[in-house]
Amino acid sequence: MDDDFHNPVLLEAVLEGLAPEPGGCYADGTVGGGGHAYAILEQSTPGGWLLGCDGDPKALAVAESRLQRFQGRFELRRGNFVEVFAAQSQGAFDSVLLDLGVSSHQLEQPERGFSFQKEGPLDMRMNPDNSTTAADLINEMPIKELEGIFRDYGEERRAGRIAQAIGERRRQAPIRSTTELAELVRRVNPQRGSK
């Protein structure tokens, strides 16, 4: 089991807010490595039940292993919590947890392509079954749309210059790695491109 996958943050506050009780029905919509789910199942013993979901198959495998001692008291499903909860037939939940932060474990894996500090494919998919990667967007999206993403979501002051630099670079060859993109951004904005 990969204990570093998800070390629950604010665990006591989460348990206080959810108030799991024996026999209750709970949901963890972003189960990750199962850290919060474990604590919920432990506190709801005996008889508490939990539905957990995640889009990352590696996270679900870790959660499945971590929760083995509660066999029969949980179900794990792969997918986005909105879809999973809409399709679930267990009835209403007593409490629902949505830990919407990003897992540092996923960010630190170079092959996932989230960090610009390590060489990796320009991927950035939380669910590896999603067909569109960050490389697809960087190399195919219209420049104006890229500019909007950098400005609106990245709060980047030089969004237009970065988008233009990407457009010029991708006319020569596709941008495929995190370090290629970071270097391009660093040339336009020396304070960026290294995080």
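Let me begin by describing the structure that accompanies this report. (Residues numbered from 1 in each chain as written. Predicted model: local features only at pLDDT ≥ 70, side-chain atom pairs only at ≥ 80, totals over all residues. Heavy atoms only, no water.)

## Some details on a nonpolar patch on the surface
Argument step 1. Taken together, Val96, Leu98 and Leu100 make up a surface patch of nonpolar side chains, about 260 Å² in accessible area.
Argument step 2. Inspection of the secondary structure assignment puts Leu98 in the loop between β4 (95-97) and α5 (104-107). (Patch = residues over 30% accessible without salt bridge, like charges linked within 9 Å, V, L, I, M, F, W, Y side chains within 5 Å. Areas by Shrake-Rupley, 256 points an atom, 1.4 Å probe, with all protein chains shown as cover. Salt bridge = Lys/Arg side-chain N within 4 Å of Asp/Glu carboxyl O. Helix = DSSP H or I, 4+ residues; strand = E, 2+ residues; numbered from the N terminus.)

## Considerations on the packing of helix α1 (residues 11-18) against helix α2 (residues 35-43)
If you want to describe how two helices pack, look at the angle between their axes and the distance between the axes.
Argument step 1. Orientation of α1 relative to α2, taken along the N-to-C sense of each, is 50 degrees, at an axis distance of 11 Å. The orientation of α1 relative to α2 falls into the category oblique. Note that α1 runs across α2; the crossing there is right-handed. Residues Leu11, Val14, Leu15 and Leu18 of α1 lie in contact with α2, whose contacting residues are His36, Ala39, Ile40 and Gln43.
Argument step 2. For the contact of α1 with α2, the per-class residue count stands at six nonpolar, two polar and no charged. (Axes fitted to C-alpha atoms, helices over the stretch in contact; angles between N-to-C directions. Parallel < 35°, antiparallel > 145°, perpendicular 65-115°, else oblique. Left-handed = near helix turned anticlockwise from the far one by under 90°. Contact = heavy atoms within 4.5 Å. Nonpolar A, V, L, I, M, F, W, Y, C, P; charged D, E, K, R; others polar.)

## Concerning helix α7 (residues 143-152)
Argument step 1. Where α7 is concerned, the buried positions are Leu146, Glu147, Gly148 and Phe150.
Argument step 2. Buried residues along α7 sit against α6 (134-140) and α8 (159-172). (Buried < 20%, exposed > 50% of the residue type's maximum accessible area, 1.4 Å probe, protein only.)

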